Amino acid sequence: MTRLDNFDLVVIGGGINGAGIARDAAARGLNVLLLEMNDFGSGTSSWSSRLIHGGLRYLEHGDIPLVYESLQERRRLRRTARHLVDRIRINIPVYQGGKRGMLVLKAGMLAYDLLSIGKSLPRHRMLSRSEFLANEPGVSDNGLKGGAQYYDAQVTFAERLVIENVIAAQVAGAVVKNYSPVTGIDIEQGKVRAVRYTDGASGDEREAQARVVVNAAGPWVDHVLGTANLPMPELMGGTKGSHIIVGAFDGAPEDAFYIEAYIDSRPFFVIPWNHQYLIGTTDIRYKGDPAEAKASTDEIAYLLSETNRVFPRARLTKRDIHFAYAGVRPLPIQSKKAESAITRRHIIKDHRRNARGLVSIIGGKLTTYRSLAEQVTGRVARMLGGAGKCRTRDAFLPGATGIAAARADVAGFAGLSEEGAARLLGVYGGRARKVLDLAYERPELAAALDAGRTVLAAEVA
């Protein structure tokens, strides 16, 4: 077994939380190793609804601190990841007999605006029945009372948000390894000593000595704890969320929709996404392997039925689905609560009673990953006796700089269409210039892979 140098911190899990922690810790001067068993961002981070939002429905459960935190982090991400995070307008229809009436909706909208202190997005707008139908003529008018219109934010490719945090961590000095599953956590005399893993590049079994280990493996947190040489508690009680992706349909909305389902009153989204429509999500307790989570026949029928109810001309069937995906939310065990009532706040579990230096992360949201990372890294710094200050609050992610220069370069590249140039900037931001550099260096990579000339071969490399 190959032994690496000692690390201040080993982070297990290369999703958005693990990547964010590695970035923050490396920027503070800590010696960091980030391990991911598959590709970076391939788990829960890629299974989300791809929204950067405050969590309007969390107001129903009285979780005002989480909404406030989320809205402040949304504001930050719209600046520091401006190439990836765009504003999105969302409509909320109110129908006769619904659980949430116009007065409740108005109160929620006012609270949402109030908690969005310092935001750059427009305020909400209440709509009468006629205004709603004039705005979105494709919706059902049967029992429609009116609704509201508000703004949040969307990240088209959440995986890129993960990757840019990984890049930033690596630039700051972190060692990052994907396809490197952890096979053991060694604890000696009540303190974590080392992490064993299989190196993805060589296939060798390796050991990394660590002063602190953060288990940020999402729904696999319990699996990682199971590799320790001491009995560890069970922490996770995840729920499955499924989505379907369809093409444009008759009566399809211009903006996103946040809809109360008729069957169970649970809110779900219909969101314009990547020239398609993303519909979801569900919320069902899940006990199996997170890697095997799939959208069930019942979930698909539920999403199709509820969408067709609100957009009656759509008449969507299974044949209209381009693909479906499902993921497991890494939530805490709370067996007595309804799925929707389980807290979405993150929990930092310190195992100091029998494994000092080992910390597990439960929960968390795509929107609040940076603040979670700041809190976790602050705790790690205290465990280590100190470290530099947090640098991520206002620091741009790698692709958020040099965008103007990249836009000029991309516009002058003959191999891309206008749509392709916009797509390249929307994925890579200022780093699009690196893709073009590779295309110029290797002419065979300058070719587009599609008839619309939107994707370059250089992106694959």
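All values derive from a computational prediction rather than experimental measurement. (Residues numbered from 1 in each chain as written. Predicted model: local features only at pLDDT ≥ 70, side-chain atom pairs only at ≥ 80, totals over all residues. Heavy atoms only, no water.)

Peer 1: Quick question: what am I supposed to make of the packing of aromatic side chains here?
Peer 2: Aromatic ring pairs are reported here in terms of the distance separating the ring centres and the angle at which the planes meet. By the definition in use, this model includes 9 aromatic pairs. With 5.6 Å between their ring centres and 90° between their planes, Tyr-112 and Tyr-150 make a pair best called edge-to-face. Pair noted here: Tyr-112 is in helix H3 (residues 102-115) and Tyr-150 is in strand E7 (residues 144-155), with a separation of 38 residues, a long-range link. Of the two residues, Tyr-112 and Tyr-150, neither departs from the other in class, the shared state being buried. The interplanar angle of 65° and the centroid separation of 5.9 Å between the aromatic rings of Phe-249 and Phe-311 together place this pair among those described as edge-to-face. Of this pair, Phe-249 sits in the loop between strand E12 (239-246) and strand E13 (256-260) while Phe-311 sits in the loop between helix H7 (297-310) and strand E17 (321-329); the two residues are 62 residues apart in sequence, bridging distant segments of the chain. The exposure class assigned to Phe-249 is buried, which follows from its relative accessible area of 10%. Through a chain of ring-to-ring contacts, three or more aromatic side chains come together here, namely Phe-132, Phe-249, Phe-257, Tyr-277 and Phe-311. Over the ring of Tyr-95 we find Arg-309; its NZ or CZ atom is 6.0 Å from the centre of that ring. (Phe/Tyr/Trp six-rings, centres within 6.5 Å; stacked < 30°, edge-to-face > 60°. Helix = DSSP H or I, 4+ residues; strand = E, 2+ residues; numbered from the N terminus. Buried < 20%, exposed > 50% of the residue type's maximum accessible area, 1.4 Å probe, protein only. Lys NZ or Arg CZ within 6 Å of the ring centre and 35° of its normal.)

Peer 1: Looking at this structure, I do not really get the packing of helix H1 (residues 16-27) against helix H8 (residues 369-384). What am I missing?
Peer 2: A pair of packed helices can be characterised by two numbers: the angle between their axes and the separation between those axes. Their axes nearest at 8 Å, the elements H1 and H8 cross at an angle of 55°. Relative to H8, the element H1 lies oblique. Pair H1 / H8 crosses with right-handed handedness. On H8, the residues that touch Ile-16, Asn-17, Gly-20, Ile-21, Arg-23, Asp-24 and Ala-25 of H1 are Tyr-369, Leu-372, Ala-373, Glu-374, Val-376 and Thr-377. (Axes fitted to C-alpha atoms, helices over the stretch in contact; angles between N-to-C directions. Parallel < 35°, antiparallel > 145°, perpendicular 65-115°, else oblique. Left-handed = near helix turned anticlockwise from the far one by under 90°. Contact = heavy atoms within 4.5 Å.)

Peer 1: I would appreciate a short explanation of the nonpolar core in the present structure.
Peer 2: Among soluble globular proteins, nonpolar side chains are generally buried collectively. Counting 52 residues, the largest nonpolar core has Val-10, Leu-56, Tyr-150, Ile-185 and Val-213 as the members making the most contacts within it. Not counting residues within four places of it along the chain, the set of residues in contact with Val-213 comprises Val-10, Ile-12, Val-192, Val-195, Gly-357, Leu-358 and Val-359. Core analysis: the second largest hydrophobic core is formed by 40 residues, Val-11, Ala-25, Leu-34 and Leu-366 among them. (Core = buried A, V, L, I, M, F, W, Y, C linked by side-chain atoms within 4.5 Å.)

Peer 1: Explain the pattern of salt bridges to me, please; I cannot follow it from the model alone.
Peer 2: Should the charged atoms of two oppositely charged side chains come close, the side chains can pair. This model, assessed by the stated rule, comprises 28 salt bridges. Here Arg-74 makes a salt bridge to Asp-152, at a shortest N to O gap of 2.7 Å. In this pair, Arg-74 sits in helix H2 (residues 64-80) while Asp-152 sits in strand E7, placing the two residues 78 residues apart along the sequence. With respect to class, Arg-74 is no different from Asp-152; both count as buried. Here Arg-100 ties to Glu-260 by a salt bridge, and the two come within 2.8 Å at their closest N and O atoms. Here Arg-100, found in the loop between strand E5 (85-95) and H3, pairs with Glu-260, found in strand E13; they are 160 residues apart in sequence, far enough to count as distant. Among the ionic contacts, a cluster of salt bridges with common partners joins Glu-73, Arg-76, Arg-370, Glu-374 and Arg-393. (Salt bridge = Lys/Arg side-chain N within 4 Å of Asp/Glu carboxyl O.)

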